[in-house]
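Structural description and commentary
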Amino acid sequence: MKVVNETVEFFECDMNMVSKIGLMEAVEMVLDFSSTNTVPFIYDTYQLSDMFAIGRKNLFSLIRNCDQNYKQINIKKSNGDIRVLYSPRTRLKAIQNIILKEILYKIPVSKYATAYHKGAKLIDNAKPHCGEKYLLKMDLRHFFDSITFTQVYSSVFNTCRYPKQIGTILTMLCCHQDVLPQGAPTSPALSNIVMKSFDDYFGKWCEKRSFSYTRYCDDITVSGDSSVYPAYLKAKALLENMGFEINQNKTHFITNTNRQEVTRLVVNERARVSSDYRRKLRQEIHYVTKYGVLDAFKHLKDSEYESVYSYYSSLIGRINYVLQIEPENQQMLNLKADLEKSIEKYEWQTMLQ
């Protein structure tokens, strides 16, 4: 259907609804919904399958076999532990991307959430904590796995937006074994919407006590000029009541007499990339520009890069990361220019071979 200036145009996929409840009632229902919602109107599986560009029979088959439409990927972390990802197969992933674009991106998230939404920048998670005396960093263990089917349905696809059948189907298409799968394109956006009530409540609680609060995915940060321990107790109680587990090994109280870092940015005075990170990057780029990108690539041990170009892209990405935080860093701007000349030289040499 199409809604323009209080006029509703129905299409073939809408005819089941129109014949069921009547034309005038259907028009009134659509206009009433559109006046209070930013997400698309979906009344039944005819309209849902049309949005997905998939036949209803194939849609129902996919719903019945959702858990079988994921590929398990095991990634070894730096500490030796294994991170398990569940990547949706092609058809399910395509449908999840439609849900992400057409529905999830249209649902507002909290102002305290600084990741996984349009316009979000890493520096936005660090700036509110610059120059504060006390800093609290908390980490949630198994963040996505802790968000349940029930939480996704009640926070996102509930009857305020969709009929129960449609809401249940949408939730099934976004969950794996009744939790959010780490690896699905919809999971980050869904986590922000599920966490909105916590973010808003706890954020306002912090503001009343002159604390600053931000959340970057599963990383929670609170700062202030007085002890932030009360904020830790409050957040812990709220989060555990929601079913989350605090990772005590990654919970830290840091005063400004030590280096305070928020999502890898130093915030003691202003948000900046750590000197260690910049020093190592300078050394790596110096080697590349002196001996060539191919030689540097060949000398990498246990390289995670598939090609010279993927390695080069990584270097450029790391420079851009610094420039995102420090856009006027002339040293990094010069290093980027030198690196670009180095890859151009490599490309010419490759062409002449």
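Below, the structure is looked at part by part. (Residues numbered from 1 in each chain as written. Predicted model: local features only at pLDDT ≥ 70, side-chain atom pairs only at ≥ 80, totals over all residues. Heavy atoms only, no water.)

1. Some remarks on the side chain of D44
Threshold: Strands are runs of DSSP state E lasting at least two residues, helices are runs of H or I lasting at least four, and both sets are numbered from the N terminus onward. Buried residues are those whose accessible area, probed at 1.4 Å on protein chains only, stays under 20% of the maximum for their type, while exposed residues exceed 50% and partly exposed ones sit between those limits. Charge convention: Lys and Arg are scored as positive, Asp and Glu as negative, and His as well as the terminal groups of each chain are ignored. In what follows, salt bridge is the name for a side-chain nitrogen of Lys or Arg lying within 4 Å of a carboxyl oxygen of Asp or Glu. Polar contacts, as counted here, are pairs of nitrogen or oxygen atoms within 3.5 Å of one another; within protein the pair requires one atom able to donate a hydrogen and one able to accept it, and residues that are adjacent in sequence qualify only if both atoms are side-chain atoms. A contact between two residues is defined here by any heavy atoms of the two lying within 4.5 Å.
In this structure, D44 sits in the loop between α2 (23–36) and α3 (45–52). For the buried D44, which has no salt bridge, the nearest side chain bearing the opposite charge is R56, at an N-O separation of 6.7 Å. Polar contacts involving the side chain of D44 include one to the side chain of N16, which spans 3.0 Å. Within the local environment of D44, its side chain forms a polar contact with the backbone nitrogen of Q47, the two atoms lying 3.1 Å apart. For D44, the contacting residues outside a window of four places in its chain are C13, N16, M17 and I166.

2. Regarding the side chain of S110
Considering the arrangement of structural elements, one finds S110 in the loop between α5 (90–102) and α6 (122–126). Accessibility expressed as a relative area gives 3% for S110, which makes it buried. Looking at S110, its side chain comes within polar contact range of the main-chain nitrogen of Y112, at 3.1 Å. In this structure the side chain of S110 is engaged in a polar contact, spanning 2.7 Å, whose partner is the side chain of D200. Those residues within four positions of S110 in sequence are excluded, and the remaining contacts are K196, D199 and D200.

3. So, the packing of aromatic side chains
This is how it is decided: In this scheme Phe, Tyr and Trp rings, the latter by its six-membered ring, pair at centre separations within 6.5 Å, and the angle between planes marks the pair as stacked below 30 degrees, edge-to-face above 60, and tilted otherwise.
Here the structure, examined in full by the defined rule, presents twelve aromatic pairs. Ring geometry for F198 and Y213: centres 6.2 Å apart, planes at 90 degrees, overall edge-to-face. Pair noted here: F198 is in helix α9 (residues 187–208) and Y213 is in strand β6 (residues 212–216), with a separation of 15 residues, a long-range link. In this structure, F198 and Y213 share a single accessibility class: buried. Ring geometry for F202 versus Y213: centroids 4.9 Å apart, planes at 80 degrees, classification edge-to-face.

4. Some words on the packing of α5 against helix α8 (residues 164–174)
Applied cut-off: Axes, fitted as lines to C-alpha atoms, cover a helix only where it is in contact. Angles between the N-to-C directions of the axes lie from 0 to 180 degrees. Geometric relationships in this document are graded by angle, where less than 35 degrees denotes roughly parallel, more than 145 denotes roughly antiparallel, 65 to 115 denotes roughly perpendicular, and other angles denote oblique. Helix crossings are classified by the rotation of the near helix relative to the far one: an anticlockwise turn of less than a right angle makes the crossing left-handed, while a clockwise turn makes it right-handed. Gly falls in the polar group here, along with every residue not listed as nonpolar (Ala, Val, Leu, Ile, Met, Phe, Trp, Tyr, Cys, Pro) or charged (Asp, Glu, Lys, Arg).
Where α5 meets α8, the closest approach of the two axes is 10 Å, and the angle between their N-to-C directions is 125 degrees. In terms of axis orientation, α5 runs oblique to α8. Helix-helix and strand crossings are classified by hand; for α5 and α8 the assignment is left-handed. Along its contact with α5, which presents L92, I95, Q96 and I99, the element α8 presents L170, L173 and C174. By residue class, the composition of the contact of α5 with α8 is six nonpolar, one polar and no charged.

5. So, the pattern of salt bridges
In the structure shown here, the tally under the stated rule is nine salt bridges. For D199, the salt bridge is made with R215, and the minimal N-O distance between the two is 2.9 Å. Of this pair, D199 sits in helix α9 while R215 sits in strand β6; the two residues are 16 residues apart in sequence, bridging distant segments of the chain. As far as the burial class goes, D199 and R215 line up, both buried.

6. Let's talk about unusual backbone geometry
The residue T263 is not glycine, and still its phi comes out positive at about 40 degrees. Tracing the backbone through its elements, the reader meets T263 in the loop between β10 (261–262) and β11 (265–266). Located in the positive-phi region is R264, a residue other than glycine, with phi close to 70 degrees. Summarising the element assignment, R264 is placed in the loop between β10 and β11.

7. With respect to the environment of R209
Among the secondary structure elements, R209 is positioned in the loop between α9 and β6. For R209 and K298, which are 89 residues apart along the polypeptide, the C-alpha to C-alpha distance reads 54 Å.

8. Section: the pairing of strand β7 (residues 219–224)
The condition that has to hold: Note: two strands are recorded as paired if DSSP finds a minimum of 2 bridges between them.
In terms of burial, β7 is a largely internal element, five of the six residues being buried. The pairing of strand β5 (residues 134–141) with β7 spans six bridges and is antiparallel. Looking at the pairing, L135 lines up with S223 of β7. As paired elements, β6 and β7 share five bridges and run antiparallel to each other. Bridge pairing links Y213 to V222 in β7.

9. Digging into the sheet that holds strand β12 (residues 272–273)
The three strands lie next to each other as β10-β11-β12, forming an open sheet whose pairing is antiparallel. The strands lining the two open edges of the sheet, one partner per strand, are β10 and β12. Taken together, the two bridges between β11 and β12 define a ladder with antiparallel strand orientation. Its bridge partner lying in β12, L265 is registered against V273.

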